Amino acid sequence: MNPTKSEKRRAIALFSGGLDSTLAIWLVKRQGVEVVALNIDIGFGSTKSKLEHMQNMCDQVGVELRTLDIRDQYLREILFNPKYGYGKNFNPCIDCHGNMFKIAKELMAPWEADFLISGEVVGQRPMSQRRDALDLVTGLSETSDILLRPLSAKVLPPTLPEREGWVDREQLLGITGRSRDVQLKLAEEIGLKDFEKPGGGCLLTDENFSKKLAEFIKYDTLEVEDIALLKCGRHLRLPDGAKLVVGRHKEDNEMILAALSPKYLKIRLLNATGPVAALSANATKADRELAARITATYGKTNPEERYEVQVGEEVLTVRPFDSKAPCQRYFINL
Ligand code: SF4
């Protein structure tokens with residue numbers, strides 16, 4: 001029997017928008033627990049439509065979605081100094097999860113929640129979801145007894161919500177390992193639709209993105225405003241150290257324009273069609289001229305002619321290179 005309204009317990013679910021965290025919510029909500037889905041934004045999501053997708057998932061399981069932007073804290077405290085190191089790429093998953101749970105725990109009092117839930121599965125991911133890694137996450141966030149993992153609960157020690165009877169352990173699952181069979185079957189049974197996340201997951205697990213990030217921090221301190229630029233365009237490092245990002249297509253150009261901040265100069269061709277580019281605002285004169293030539297080379301231009309290129313406030317007149325080959329030597333190594 002479900003508890004009456006006054007006895008109703010509330011849980012905060014760490015929510016990524018993925019199938020596992022959606023099912024974890026469903027498993028607990030169907031037992032009469034009120035669940036709030038919390039998505040924590042660390043800045044490295046890869047898709048614009050993610051919010052829409054998350055809202056759709058929450059609507060399907062009937063819970064409220066709340067989002068929290070922690071990008072600045074994540075850069076300052078987690079990304080470059082993880083206690084438990086990195087996974088295969090630039091992904092400090094154990095520390096990242098630990099940080100998220102710690103933040104969720106701090107929200108329990110103001111949001112009047114009794115416990116936390118997550119969609120983690122024992123043994124599913126090489127780094128962050130091995131059993132010992134789950135214990136490290138729990139330890140980092142000091143959430144031991146209040147963190148329930150409904151998908152693997154039966155293979156983990158009972159937590160407070162189970163012992164107190166707020167949640168019936170028997171109605172939870174005991175999934176381990178990488179297979180998604182049980183999750184897919186359950187999704188079908190409950191009629192969950194469109195649950196595949198659009199556009200992939202966290203960019204810190206992406207090899208090329210991680211290399212771009214590693215290269216960036218050799219020259220500069222990464223700030224929140226730099227992240228959006230790392231997600232688009234061709235990336236070049238010019239001889240005096242300036243960073244140049246050149247759009248490859250319309251979507252890149254729009255992303256570059258949206259990502260421009262005082263750290264970067266906008267570059268565009270004034271009398272020809274061409275890409276938008278962003279250049280470090282402190283670029284030397286030589287790097288500014290080279291950036292203008294490179295940008296002109298990627299435009300609809302003729303190497304025999306000269307073009308006006310706006311670089312920040314100044315207008316330079318340059319001739320494009322004869323081919324793209326001289327530009328490519330400045331590409332960062334991926
Ligand atoms: S994949 Fe990305 S968001 Fe997820 S735990 Fe790892 S670093 Fe954090």
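Reference entry: report on the structure contained in this document. Only a predicted model underlies this, so the values are computations on that prediction, with no experimental measurement involved.

**Describing the state of the cysteines**
Thought 1: On inspection of all chains with the given rule, the structure shows zero disulfides.
Thought 2: In this structure Cys58 is not part of a disulfide, and its nearest cysteine sulfur, from Cys96, lies 19 Å away.

**Remarks on the pairing of strand β8 (residues 264-269)**
If a strand is regular, its side chains alternate between the two faces of the sheet.
Thought 1: Across four bridges, β8 lies against strand β9 (residues 277-280) in antiparallel orientation. Within the sheet, the bridge partner assigned to Tyr264 lies in β9 and is Ser280.
Thought 2: Of the strand pairs in this sheet, β8 and strand β10 (residues 307-311) are connected by three bridges, and their pairing is antiparallel. Among the inter-strand pairings, Ile267 is bridged to a residue of β10, identified as Val311.

**A short note on the side chain of Thr143**
Thought 1: Along the chain, the position of Thr143 falls in the loop between α5 (131-141) and β5 (147-148).
Thought 2: If sequence neighbours within four positions are ignored, Thr143 has contacts with Phe101, Lys105, Leu116 and Thr138.

**Concerning the sheet that holds strand β6 (residues 234-237)**
Thought 1: Taken in spatial order, the six strands of this open sheet run β6-β7-β9-β8-β10-β11, and their pairing is antiparallel. The sheet terminates laterally at β6 and β11 (314-318), the two strands that pair on one side only. Sheet twist, expressed as the mean angle between neighbouring strand axes with direction ignored, is 25°.
Thought 2: Judged from the three bridges that link them, strand β7 (residues 243-246) and β9 form a sheet pairing that is antiparallel. When the sheet's bridge partners are listed, Leu244 is paired in β9 with Leu279.
Thought 3: Relative to β6, helix α8 (residues 207-219) is tilted by about 30°, and along the sheet it contacts β6, β7 and β8.

**Topic: the site of the ligand**
Thought 1: Residues in close proximity to the ligand include Ile42, Tyr74, Pro92, Cys93, Cys96, His97, Cys202 and Thr205, which together make up its full environment.
Thought 2: Considering each element in turn, the shell around the ligand owes the most residues, three residues, to helix α4 (residues 93-108).

**As for the packing of aromatic side chains**
Thought 1: Inspection of the entire model under this criterion finds five aromatic pairs.
Thought 2: Measuring from ring centre to ring centre gives 6.0 Å for Phe115 and Trp166, while their planes differ by 25°; the resulting arrangement is stacked. Within this pair, whereas Phe115 is found in strand β4 (residues 115-117), its partner Trp166 is found in the loop between α6 (160-163) and α7 (181-190), the two being separated by 51 residues in sequence.
Thought 3: Taking the relative accessible area as the measure of exposure, Phe115 reaches 0% and is therefore buried.
Thought 4: Joined through ring pairs, the aromatic side chains of Phe44, Tyr74 and Phe209 make up one cluster.
Thought 5: The ring of Tyr219 carries Arg237 above its face, with NZ or CZ at 3.8 Å from the centroid.

About the cut-offs
Residues numbered from 1 in each chain as written. Predicted model: local features only at pLDDT ≥ 70, side-chain atom pairs only at ≥ 80, totals over all residues. Heavy atoms only, no water. Disulfide = S-S within 2.5 Å. Pairing = 2+ DSSP bridges. Helix = DSSP H or I, 4+ residues; strand = E, 2+ residues; numbered from the N terminus. Contact = heavy atoms within 4.5 Å. Axes fitted to C-alpha atoms, helices over the stretch in contact; angles between N-to-C directions. Near = heavy atom within 4 Å. Phe/Tyr/Trp six-rings, centres within 6.5 Å; stacked < 30°, edge-to-face > 60°. Buried < 20%, exposed > 50% of the residue type's maximum accessible area, 1.4 Å probe, protein only. Lys NZ or Arg CZ within 6 Å of the ring centre and 35° of its normal.

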